Amino acid sequence: MNTNGVTIVTTDSERKKFIEFPYTHYASDANWVPPLRMEQKKLINTEKNPYYKNAEIVIFIAEHNGKMAGRISAVIDHRYNEYHGTKTGHFGFFECIDQQETANLLFKVAGDWLKEKGMEDVLGPASPGMMDMVGFLVDGFDKLPYILMPYNKPYYEKLALGAGFEPEMDLLAFVVDKEHVSMERINRAIAIVNKRNPNLVIRPVNMKKIKEEVEIVRAIYNESWKENWGFIPLTKEELELTAEDFKMILDPDFAHIAEIDGKAVAFSIALPDYNQVFKTMNGNLFPFGIFKLLLGKKKINRIRTALMGVMPEHRGKGIDALLHQKAIENGLKKGMTESELSWILSSNKEMVRVAERIGGHLDKTYRMYRKKL
């Protein structure tokens, strides 16, 4: 590897450098949560991750003065392009020292690879795809991110703008806490919703029938999100793998399906915020991380609503507020004092209103960027 330059990752030792870089890059950062290394390996494993059945990835590492200085991925998601009728590539897994020259190099090699493959623009960060970690955090650096939400150095936006990217979309995170949750308002809304829909039932996800439940969630998600910015339909395989990963941390008290006359019309999946435990594990589940996980579980006092969908014909009826209420109410019983609703597209005014109506306040903003190639 040359003194200042970018290398395309092809060997195991380079792959290891790619995965390890953030652990030193954020070593002194109090609010960075080390992700599990085994999960990071899985994300870039083209053999084992079903995402790559319809996508291609290439990863790069950068060096400056003989030291690791950054990394990036370039991805072509064929399903994204088929669905949107575009020739868009994605950049992701971006980490970099505070140096524009190195950032420019990383963005250039990713862009060049995408251009060679016929892409016309690049959107990111998405690590690796739009259903994974997306966006740069642009405010709220003084707080611990919730589970499966990104965290980055405050100067990343500056580096992206300096490399010619333009802001494309804001992804918002609202927080409802014990002090500000408007239970009176929620209860009034519930009474109205129940009056209008006397046959509406909210039930917990059945962990014993997880495969059937996953299919219900997938059908509602694909139907309810299809008009949204950045959407791509979820495949059965992808969601089953996600469910497999979630099984260990999913709590049916926070995962619900809404039914009218026995037909599923909406769902909500909230997760206990395991970031509060992962913070102490340095990215390792073994040998001792598993004990920290089991012991730390009891101390978790936050949840995050990570996925939600309401069938188009049932929108505007308050079912989403009802689902939030169920998770918040169950959370309060279990000592959960905070709930994050994230992310919500800044263009999705209806969901923003729902978050505000139940007492949520805007807590963090994540941003996506685009650049013509």
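Quick note: structure is the one above.
Attention here is on the structure that accompanies the text. Source: prediction; values computed, not measured.

### Some thoughts on the side chain of Glu 14
Point 1. Within the secondary structure, Glu 14 is located in helix α1 (residues 12-25).
Point 2. Summary of buried charges: Glu 14 has no salt-bridge partner, and the nearest side chain of opposite charge, Lys 17, is 6.9 Å away.
Point 3. A polar contact is formed between the side chain of Glu 14 and the backbone nitrogen of Thr 10, at a distance of 2.8 Å.

### Digging into the nonpolar core
A general trend in soluble globular proteins is that nonpolar side chains are found buried together.
Point 1. Formed by 85 residues in total, the largest nonpolar core has its most connected members in Phe 94, Phe 107, Leu 171 and Ile 269.
Point 2. Of the residues forming this core, the biggest block, six residues, is contributed by helix α4 (residues 100-116).
Point 3. Apart from residues lying up to four places away in sequence, Leu 171 is in contact with Val 134, Trp 229, Trp 343, Ile 344, Leu 345, Lys 364, Thr 365, Tyr 366 and Met 368.

### Thoughts on the pattern of salt bridges
Point 1. Summed over all chains, the structure comprises 24 salt bridges.
Point 2. Of the charged contacts in the structure, one is a salt bridge between Lys 53 and Glu 237, with a shortest N-O distance of 3.1 Å. Residue Lys 53 is found in the loop between α2 (37-43) and β2 (55-64), and its partner Glu 237 is found in helix α8 (residues 236-246); the two are separated by 184 residues along the sequence.
Point 3. A relative accessible area of 40% means that Glu 237 is categorised as partly exposed.
Point 4. Linking Lys 226 and Glu 223 is a salt bridge whose minimum nitrogen-to-oxygen distance equals 2.7 Å.
Point 5. Overall, Lys 226 belongs to the partly exposed group, its relative accessible area being 33%.
Point 6. On the accessibility criterion, Glu 223 (29% relative accessible area) is partly exposed.
Point 7. Where salt bridges share partners, they join Lys 143, Glu 340, Asp 363 and Lys 364 into one cluster.

### Describing empty space enclosed by the protein
Point 1. The tally for this structure, following the rule as stated, stands at three cavities of 30 Å³ or more.
Point 2. Considering only enclosed or pocket space, the largest cavity measures out at about 150 Å³ in volume.
Point 3. For the largest cavity, the full set of lining residues is Val 205, Ile 210, Glu 213, Val 214, Val 217, Leu 239, Thr 242, Ala 243, Phe 246, Leu 250, Ile 269 and Leu 307.
Point 4. Tallied by class, residues from the lining of the largest cavity come to 10 nonpolar, one polar and one charged.
Point 5. Considering only enclosed or pocket space, the second largest cavity measures out at about 70 Å³ in volume.
Point 6. What lines the second largest cavity is a set of 13 residues, among which Ile 328, Leu 332, Met 336, Glu 338 and Ser 339 lie closest to the centre.

### Re unusual backbone geometry
With the exception of glycine, the majority of residues adopt a negative phi angle, and the majority of peptide bonds are in the trans configuration.
Point 1. Cis geometry marks the peptide bond from Gly 124 to Pro 125, where omega comes out at 0 degrees.
Point 2. Within the element layout of this structure, Pro 125 appears in the loop between β5 (121-124) and β6 (126-127).
Point 3. For the bond from Ser 342 to Trp 343, the omega torsion is -15 degrees, close enough to zero to count as cis.
Point 4. Along the polypeptide, Trp 343 turns up in strand β14 (residues 338-345).
Point 5. Phi at Leu 148 is positive, roughly 65 degrees, even though this residue is not glycine.
Point 6. With phi around 50 degrees, Asn 282 is a residue other than glycine that occupies positive phi space.
Point 7. Summarising the element assignment, Asn 282 is placed in the loop between α9 (275-278) and α10 (289-296).

### Quick word on the environment of Asn 187
Point 1. Tracing the sequence through the fold places Asn 187 in helix α6 (residues 183-196).
Point 2. Considered as a pair, Asn 187 and Ile 19 are 168 residues apart in the sequence and their alpha carbons are 47 Å apart.

### Points about the layout of surface pockets
Point 1. Here the second largest pocket is characterised by a volume of approximately 300 Å³.
Point 2. In terms of lining, the second largest pocket is formed by 16 residues, of which the most central are Ala 189, Val 193, Gly 318, Ala 321 and Arg 357.
Point 3. For the lining of the second largest pocket, the elements supplying multiple residues, two or more each, are α6, α11 (319-333) and α12 (349-357).
Point 4. At six residues, the largest contribution of residues to the lining of the second largest pocket is made by α6.
Point 5. The class makeup of the residues in the lining of the second largest pocket is seven nonpolar, two polar and seven charged.

### A closer look at the side chain of Asn 31
Point 1. Along the chain, the position of Asn 31 falls in the loop between α1 and α2.
Point 2. A polar side-chain atom of Asn 31 sits 3.4 Å from the main-chain carbonyl oxygen of Asp 142.
Point 3. Discounting residues that sit within four places of it in the chain, Asn 31 has contacts with Phe 141, Asp 142, Lys 143, Leu 144, Pro 145 and Tyr 151.

### Observations regarding α12
Point 1. Where α12 is concerned, the buried positions are Met 351, Val 352, Val 354 and Ala 355. When α12 is viewed along its axis, its buried side chains cluster within an angular range of 160 degrees and face the same direction.
Point 2. Gly 359 sits one or two residues past α12 and shows a positive phi near 100 degrees.

### A closer look at the pairing of strand β3 (residues 67-77)
Point 1. Buried residues dominate β3, accounting for nine of its 11 residues.
Point 2. Relative to β3, β2 runs antiparallel, the two being bridged by 10 bridges. From the neighbouring strand, His 64 faces β3, where its bridge partner is Lys 67.
Point 3. In this structure, the hairpin formed by β2 and β3 is closed by a connection of two residues, where Asn 65 is found at a positive phi of approximately 50 degrees.
Point 4. Pairing of β3 with strand β4 (residues 88-96), which is carried by five bridges, proceeds in the antiparallel orientation. Its bridge partner lying in β4, Ala 74 is registered against Phe 91.

Criteria and cut-off values
Residues numbered from 1 in each chain as written. Predicted model: local features only at pLDDT ≥ 70, side-chain atom pairs only at ≥ 80, totals over all residues. Heavy atoms only, no water. Helix = DSSP H or I, 4+ residues; strand = E, 2+ residues; numbered from the N terminus. Buried < 20%, exposed > 50% of the residue type's maximum accessible area, 1.4 Å probe, protein only. Lys, Arg positive; Asp, Glu negative; His and termini not counted. Salt bridge = Lys/Arg side-chain N within 4 Å of Asp/Glu carboxyl O. Polar contact = N/O pair within 3.5 Å; in protein donor to acceptor, adjacent residues only side chain to side chain. Core = buried A, V, L, I, M, F, W, Y, C linked by side-chain atoms within 4.5 Å. Contact = heavy atoms within 4.5 Å. 1 Å grid on protein atoms, 1.4 Å probe; cavity = no way out; pocket = protein on both sides within 12 Å on 5 of 7 lines; lining within 4 Å. Points joined across faces, edges and corners; volume = space filled by probe spheres on them. Nonpolar A, V, L, I, M, F, W, Y, C, P; charged D, E, K, R; others polar. Arc of directions from axis to C-beta. Pairing = 2+ DSSP bridges.

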